Amino acid sequence: MPVRHHHQLFKSCLICALTLLVGVTGRAQPAEENDAWTLLSRFLYRDAAEIFERDAGGGRLRDLGLAAALLNDPPVIPSKIMRAEGLLQGVVKESPTDDTGLYAQYLLARIMQVHRETPVKEVEAAYRKIITAAPESASAQLAAAQLALVILYQRSDLDVSGRLAQAADLAAVAGSDRLPDVASSYFHQLAEAALFYKVTDEQVLGWLEQAHAIGSSNPLYQSSFNLQLAEVARAIGQREKALTYYEQFLLTASSTDQRYYTAKARMDELKEETR
Amino acid sequence: MKRLSKLGRTLAIGILALLFIVAAVQVFQRGREEADDSDLEIIRFAHWQLEPGIREAFDAIAKEYMALHPQVRIKQLSIPGRVWKQWLRTQLVGGEPPDLIEVVNYEVSDEMLARYFVPLTVPLEEKNPYNADEPDLRDLSWRRSFSSELIPEDSVHYYSANLLEYYAVPNAMVTVRIFYNRDIVRAALGEDRVPETYQEFLHWCEAVNAYAEKTGQPIMALAGSSYNAVQLTGMLTSTLTQKLVLDIDYSKDLNFTVQETLITYLLGDWSMRTPALSRCFEIVESIGRFMPPGWAQLNRDDAMLQFLQGKVAMIPTGTWDAAGILQQADFDVGAFRVPGVGPDDQYFGEWAMGPASEANIFASMSFGVTRTSKHSERAIDFLRFMTSRRSNTTFAEMSTWLPVIKGATVPAVSKPFEPIEKGFIRGPSVRSLSVPANDIFQQNIHMLSGRTANAAAYIEHTEPLYKRAVPQELTRMAKVYQATTRQKDSVLAALYQLEKDEGLARSKFDIVASKQLQVEAQRLQILRSLEDHAKR
């Protein structure tokens, strides 16, 4: 794109980041192609379930794996979900708060939320139990981030400000640096929910800035945060900040981003207004 | 009579027997060829592109590759599009698919990619040795030698956002353009400088109609069929509503997604009566005046025939039809970009910004390598050769499709097909309300055609249909999101076990979990919108 030649340095950074993202994917390359966990990580639920089934003496980890595989082993039918639940309850019963037990609790909460029409209060309680039991764990961070979404969109008993406030209260766990991509998503989703409810204020800008500061491994998302920050800053009258973020977006936008010239026009228009 | 029927029966049996023998010999020879020569590597590649020039281009590239590698045989399989889906499933499940298969994301699920295809992420980060003679490309990775550098967007055909892997390598790009009969246009206008604004385009249409009336020739300005009309009006109307996005894009990222379009419609932020939208129907109505009577009932082939027979001056269609048009037309053909409505258009320009950007036109005709390939390394090597600058230039020259490799020469005839980079975002249109709403448009487009065309009547008639279709479509989308997030629960459990000892920060587990949260948020946002809508 000829007009963007002066952004070559930033493009190189984007490419490096993309390569890093690709490198990350390389970490999960299977050492053993037929390992049940590896198969499961590649969406091959049935193949994984068959191997877990054969490993009858595999203990709690095997039960966790089999349950996870059964949740999507086609056809997904109620009897398989019930069996998965039973296996997970067995894992939890033996030791509810060790690493395996916590993940089993997390999967049980997910079953309640996405496989059964469990009342919101019960889903919330299941997630909170994990958060309380081991707030420093990855399972708790995932639970907190999922719970935030439940509060933001499913707590009909709360008004919008109540939903936003209760979801924001989970920041200490959901925003932990143990899982930075999850943390970035959590802050981003707080902002997205507020915008969905047509709330655009300093707090929204703050959440977006936190998401941006933690950063996403996906450079396309990271670049897009800049544009969203620019538009939100502009909407609440923070012109200088808006101009800075527009500039950052233009520097980091991929060559396939069709918003480039619109953002540039918006920035130029704002500059004119500022004068 | 009896003798004749006996003869016919014998003849039929004979033909069947002959066909069986030919097929048996072919199957036998295929196995024999490889068995006879243990060094021989046969690479079969399959696609459904039957457009003129494509097979010839692939044959030429394969021939050149075989000259470089005499122990290799490249065999091309062209499968008709109407049987492609069934053929693909049978081949993959049967366990002996071709080595290379054309991949599109709406036909090959993540599970299919993971089960049947080889990830190409690692080879794509290596250099392409077939670009060794290209000073500007030889030090770049194979991925970066593509014009778009194969940006891993969610919706592309060559990358799985769920598996975080590349699975295919593209060969071409396509855009939508208006092809025109230069003889008619020159006769009607005295010259054929292509129109750059909607008003100039209308002037062309009017001039052709006036010319037809003056000379008594049965010529119309535009080829008509609902397919071609949708191609044309889709491009035009997306410029008509651009500024509307600035008001109703609630996520404030200037990316007005299908979901946002549907939700804002559902919640009443806009309707078909919103002036920017109702103008869209007026524009369809005004374009319809230049199409042959009854165009809404005609199909794509009818429209193409009208153009090739010189009965119409212009046809809006994808550049995938370019080679066919150029080969079959016995007149001089030109092409130009669909002129968007600009902000200076006095009637239609109130909510327009300018031409719609085509920067996100993603590379297509992508080939993946099957896991069961006996020569997967060779298949990958052939893909590298196919997408070297030299081969991609050959491909573009012979097929007229746009090349995808940096610096590959765009043939003069394909220059007008190049994507518009300096363009603006697209606004909502009836087409962006997704498939069911698009069907309503197609089924009722006749109300916008002919002498009785009436945009207001169209809106009156279809409004209840859109109001019914939008919640249904949102419900369907929520179900799809739910299936996606459910699948990720299993995958995440596995990634957690595989990666927890190495540290989870920025791991695949972290990235996939973050993606799951985004999709879950989209699902819950839809459910919230439907609930709020129901309370009203």
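Just so you know, these numbers come straight off a predicted model, no measurement behind them.

Trainee: Just checking my understanding: could you explain the overall build of chain A for this structure?
Mentor: Scanning chain A from terminus to terminus reveals 15 helices and zero strands. Classification of the 275 residues of chain A by burial places 51% in the buried group.

Trainee: I tried to follow the overall build of chain B on my own but got confused; where do I start?
Mentor: Assigned secondary structure in chain B consists of 18 helices and 10 strands. Rg of the C-alpha trace for chain B: 26 Å, near the compact-globule value of 24 Å for 536 residues, within the 12% margin. C-alpha extents for chain B along the principal axes are approximately 75 × 70 × 65 Å. A burial count over chain B gives 48% of its 536 residues as buried.

Trainee: What's the story with helix 5 (residues 78–94) of chain A in this structure? I'm lost.
Mentor: Each turn of an α-helix holds 3.6 residues, which means side chains three or four residues apart point in the same direction. Residues and elements named next belong to chain A. Over its 17 residues, helix 5 runs 25 Å from end to end, which matches the ideal 24 Å to within 8%, given 1.5 Å per residue. Residues of helix 5 that are buried include every one of Ala84, Leu87, Leu88, Val91 and Val92, and no others. In a view along the axis of helix 5, the buried residues occupy a sector of 140 degrees, so they form one face of it. Residues of helix 5 that are exposed and point more than 90 degrees away from the buried face comprise Pro78, Ser79, Gly86 and Lys93.

Trainee: Would you mind going over unusual backbone geometry with me for this structure?
Mentor: As a rule of thumb, non-glycine residues mostly have phi less than zero, and peptide bonds are mostly trans rather than cis. A cis amide bond links A:Pro74 with the next residue in sequence, A:Pro75, at an omega value of -10 degrees. Inspection of the secondary structure assignment puts A:Pro75 in the loop between helix 4 (59–70) and helix 5. Positive phi is not limited to glycine here, since B:Leu254 has a value of about 60 degrees. Structurally, B:Leu254 can be placed in the loop between helix 9 (242–248) and helix 10 (258–266). Here the phi dihedral of B:Met365 falls at roughly 50 degrees; this positive angle occurs in a residue that is not glycine. Tracing the backbone through its elements, the reader meets B:Met365 in the loop between strand 9 (333–337) and strand 10 (366–369).

Trainee: Is there a simple way to think about the pairing of strand 2 (residues 72–78) of chain B in this case?
Mentor: The side chains of a regular strand alternate between the sheet's two faces. Residues and elements named next belong to chain B. Looking at chain direction, strand 1 (residues 41–47) and strand 2 are connected through seven bridges and run parallel. By the bridge assignment, Arg44 is partnered in strand 2 with Lys75. With helix 2 (residues 54–68) bridging strand 1 and the parallel strand 2, this β-α-β connection has right-handed handedness.

Trainee: Sorry, what's going on with the sheet that holds strand 3 (residues 100–103) of chain B here?
Mentor: The strands that make up a sheet pair up through hydrogen bonds in the backbone, lying either parallel or antiparallel. Residue and element names in this part refer to chain B. The strand order 2-1-3-10 describes an open sheet built from four strands, whose pairing is mixed. Because the sheet does not close on itself, it has two edges, and the strands there are strand 2 and strand 10. Ignoring strand direction, the axes of neighbouring strands in this sheet form an average angle of 25 degrees. Bridge count for strand 3 against strand 10 is four bridges, and the pairing is antiparallel. Looking across to strand 10, one finds that Ile101 is bridged to Gly368.

Trainee: What am I meant to see in the interface of chain B and chain A here?
Mentor: Accessible area lost during the coming together of the parts is what is often quoted as the interface size. Between chain B and chain A, the residue contacts involve 63 residues of the former and 66 residues of the latter. Listing elements by their share of the side of chain B that touches chain A, those giving two or more residues are helix 4 (110–116), helix 5 (121–124), helix 17 (455–499) and helix 18 (508–535) of chain B. Sort the elements by how many residues they give to the side of chain B that touches chain A and helix 17 of chain B lands first, with 14 residues. Here the side of chain B that touches chain A is composed, by residue class, of 26 nonpolar, 16 polar and 21 charged.

Trainee: Honestly, the domain arrangement of chain B in this entry has me stumped. Any pointers?
Mentor: Segmentation of chain B into domains returns domain 1 (25–168 + 362–405), domain 2 (176–354 + 424–471) and domain 3 (479–535). Between the C-alpha centres of domain 1 of chain B and domain 3 of chain B there is a distance of 32 Å.

Trainee: Would you mind showing me how to read the environment of B:Arg389 here?
Mentor: Residues and elements named next belong to chain B. Residue position: Arg389 is located in helix 15 (residues 389–399). Considered as a pair, Arg389 and Gly190 are 199 residues apart in the sequence and their alpha carbons are 40 Å apart. If sequence neighbours within four positions are ignored, Arg389 has contacts with Asn131, Glu134, Leu137, Ile405, Gly407 and Ala408.

Trainee: How do you make sense of the sheet that holds strand 7 (residues 220–222) of chain B when you look at a structure like this?
Mentor: Residues and elements named next belong to chain B. With respect to topology, four strands assemble into an open sheet ordered 7-8-6-9, the strand pairing being mixed. Each having just a single partner strand, strand 7 and strand 9 make up the two edges of the open sheet. Direction aside, neighbouring strands of the sheet carry axes that sit 25 degrees apart on average.

Trainee: When you look at the packing of helix 8 (residues 226–240) of chain B against helix 11 (residues 275–288) of chain B in this model, what are you seeing that I'm missing?
Mentor: For any two helices packed against each other, the geometry comes down to the angle between their axes and how far apart the axes lie. Residues and elements named next belong to chain B. At a minimum axis distance of 9 Å, the contact between helix 8 and helix 11 shows a crossing angle of 145 degrees. Crossing hand, helix 8 versus helix 11: right-handed. Contacts between helix 8 and helix 11 involve Leu232, Thr233, Leu236, Thr237 and Leu240 from the first element and Ala276, Arg279, Cys280, Ile283, Val284 and Ile287 from the second. Of the residues assigned to the contact of helix 8 with helix 11, the class counts are eight nonpolar, two polar and one charged.

Trainee: Can you help me understand the nonpolar core in this one?
Mentor: Note that soluble globular proteins tend to have their nonpolar side chains buried in a common cluster. Residues and elements named next belong to chain A. Membership of the largest hydrophobic core comes to 240 residues, with the highest contact counts inside it found for Leu40, Ala148 and Leu190. Here this core gets 13 residues from one element, more than from any other, and that element is helix 8 (residues 138–154). Once residues within four sequence positions are removed from consideration, Ala148 is found in contact with Ala167, Leu170, Ala174, Tyr186, Gln189 and Leu190.

Trainee: Is there a simple way to explain helix 6 (residues 182–189) of chain B in this structure?
Mentor: Residue and element names in this part refer to chain B. Here helix 6 has its buried residues at Ile184, Val185 and Ala188. Buried residues in helix 6, looked at end-on, bunch into an arc of 95 degrees, giving them a common side. Against the buried residues of helix 6 lie strand 6 (176–181), helix 7 (198–215) and strand 8 (312–318). Once helix 6 ends, the next one or two residues include Gly190, with phi positive near 85 degrees.

Trainee: Is there a simple way to think about the confidence of the model for chain B in this case?
Mentor: Low pLDDT means the predicted atomic positions in that stretch should not be read closely. Here chain B averages 90 in pLDDT, while 95% of its residues score no lower than 70. Prediction confidence for the complex, expressed as pTM and ipTM, is 0.86 and 0.90 respectively.

Trainee: Is there a simple way to think about the pairing of strand 6 of chain B in this case?
Mentor: Residues and elements named next belong to chain B. Most of strand 6 is tucked away: six of the six residues are buried. The two faces of strand 6 match: Val176, Ile178 and Tyr180 on one face and Arg177, Phe179 and Asn181 on the other face are all buried. With five bridges connecting them, strand 6 and strand 8 associate as antiparallel partners. Counted as the bridge partner of Phe179 is Ile315 from strand 8.

Trainee: Would you take a moment to explain the packing of helix 16 (residues 434–444) of chain B against helix 17 of chain B for this structure?
Mentor: All names here are of chain B. Relative orientation of the contacting elements helix 16 and helix 17 amounts to 160 degrees, with a least axis distance of 9 Å. As far as their axial angle goes, helix 17 and helix 16 are roughly antiparallel. The two elements helix 16 and helix 17 cross, and the hand of that crossing is right-handed. For the pair helix 16 and helix 17, contact is made by Ser434, Pro436, Ala437, Ile440 and Asn444 and by Tyr458, His461, Thr462, Leu465, Tyr466, Ala469, Val470, Gln472 and Glu473, respectively.

Trainee: Would you mind showing me how to read the environment of A:Ala265 here?
Mentor: Residues and elements named next belong to chain A. Tracing the backbone shows Ala265 in helix 15 (residues 260–274). Under the C-beta neighbour-count criterion, Ala265 is labelled partly exposed, with 14 such atoms within 10 Å. In this structure the C-alpha to C-alpha distance between Ala265 and Tyr246, which are 19 residues apart in sequence, comes to 10.0 Å.

What counts and how
- Residues numbered from 1 in each chain as written.
- Chains lettered and ligands numbered in written order.
- Predicted model: local features only at pLDDT ≥ 70, side-chain atom pairs only at ≥ 80, totals over all residues.
- Helix = DSSP H or I, 4+ residues; strand = E, 2+ residues; numbered from the N terminus.
- Buried ≥ 20, exposed ≤ 12 C-beta atoms within 10 Å, placed from the backbone.
- Rg over C-alpha atoms; globule rule 2.2 N^0.38 Å.
- Expected span 1.5 Å × (residues − 1).
- Arc of directions from axis to C-beta.
- Pairing = 2+ DSSP bridges.
- Right-handed = clockwise from strand over helix to strand, strands pointing away.
- Axes fitted to C-alpha atoms, helices over the stretch in contact; angles between N-to-C directions.
- Contact = placed C-beta atoms within 7 Å.
- Nonpolar A, V, L, I, M, F, W, Y, C, P; charged D, E, K, R; others polar.
- Domains from an automatic or database assignment.
- Left-handed = near helix turned anticlockwise from the far one by under 90°.
- Core = buried A, V, L, I, M, F, W, Y, C linked by C-beta atoms within 7 Å.
- pLDDT = per-residue confidence, 0-100.
- Parallel < 35°, antiparallel > 145°, perpendicular 65-115°, else oblique.

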